[in-house]
Amino acid sequence: MPPKVYIILLNYKIWKDTIECLESLYKLDYPNYQVIVVDNPTKPANNSLAHIREWAEGSLTIDFPQNALSHLSSPPIQKPVSYQYFTQQDIEEKKAHGKATSNLILIQAQENKGFAKGNNIALDYCVQQADFEYVWVLNNDTVVEKDSLR
């Protein structure tokens with residue numbers, strides 16, 4: 001088995017971009033990765049994680065704009081995508097330790113402390129799992145080629 005890679009996305013406001021990125025990530029041909037999405041909350045709340053959960057469950061479909069990169073996120077992947085939900089407090093209290101059983105980890109940050117803090121929450125989760133070789137931090141508005149991780 002190739003080395004495990006955690007892929008970290010920080011969501012802030014634009015959950016549709018995050019979902020488009022997820023659509024491309026779940027087309028990767030690399031067999032050993034897990035995606036972590038940390039949501040930095042907005043004021044007023046925009047329910048980003050609720051939308052991402054609905055997408056993972058298969059109850060939310062999004063038509064992405066057609067452009068030169070559309071082939072990276074379309075057609076949509078098979079749903080449901082198994083996911084686990086944790087809060088920042090769960091991570092800080094190490095309640096997620098050893099509980100990585102899904103392909104998608106969703107973490108709700110308590111407050112928006114910026115890009116670095118959001119990624120550090122995900123990195124804390126990775127370190128608690130102690131089962132990885134690499135971490136790939138992506139902006140949530142990216143899409144990837146299927147062989148980019150390999």
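This text gives an overview of the structure that appears in the document. Bear in mind that the values here come from a model prediction, so they are computed numbers and not experimental data. (Residues numbered from 1 in each chain as written. Predicted model: local features only at pLDDT ≥ 70, side-chain atom pairs only at ≥ 80, totals over all residues. Heavy atoms only, no water.)

This next bit is on the sheet that holds strand β4 (residues 104–108). Across the sheet, which stays open at both edges, the five strands sit in the order β3-β4-β2-β1-β5 with parallel pairing between neighbours. A strand with exactly one partner marks an edge of an open sheet, and here the two such strands are β3 (83–87) and β5 (134–139). Averaged over neighbouring strand pairs, the angle between their axes works out to 20 degrees when direction is ignored. In this structure, strand β2 (residues 33–39) lies alongside β4, joined through five bridges in parallel fashion. Its bridge partner lying in β4, Val-37 is registered against Leu-106. Where helix α2 (residues 48–57) meets the sheet, it contacts β1 (5–11), β2, β3 and β4, and its direction lies at approximately 165 degrees from that of β4. (Pairing = 2+ DSSP bridges. Helix = DSSP H or I, 4+ residues; strand = E, 2+ residues; numbered from the N terminus. Axes fitted to C-alpha atoms, helices over the stretch in contact; angles between N-to-C directions. Contact = heavy atoms within 4.5 Å.)

Attention now moves to the pairing of β3. Only one face of β3 is buried, namely the one carrying Gln-84 and Phe-86, since none of Tyr-83, Tyr-85 and Thr-87 on the opposite face is buried. Here β3 pairs with β4 via five bridges, running parallel. Pairing of Thr-87 across the sheet is with Gln-108, part of β4. (Buried < 20%, exposed > 50% of the residue type's maximum accessible area, 1.4 Å probe, protein only.)

Any functional reading would require information that these geometric values do not contain.
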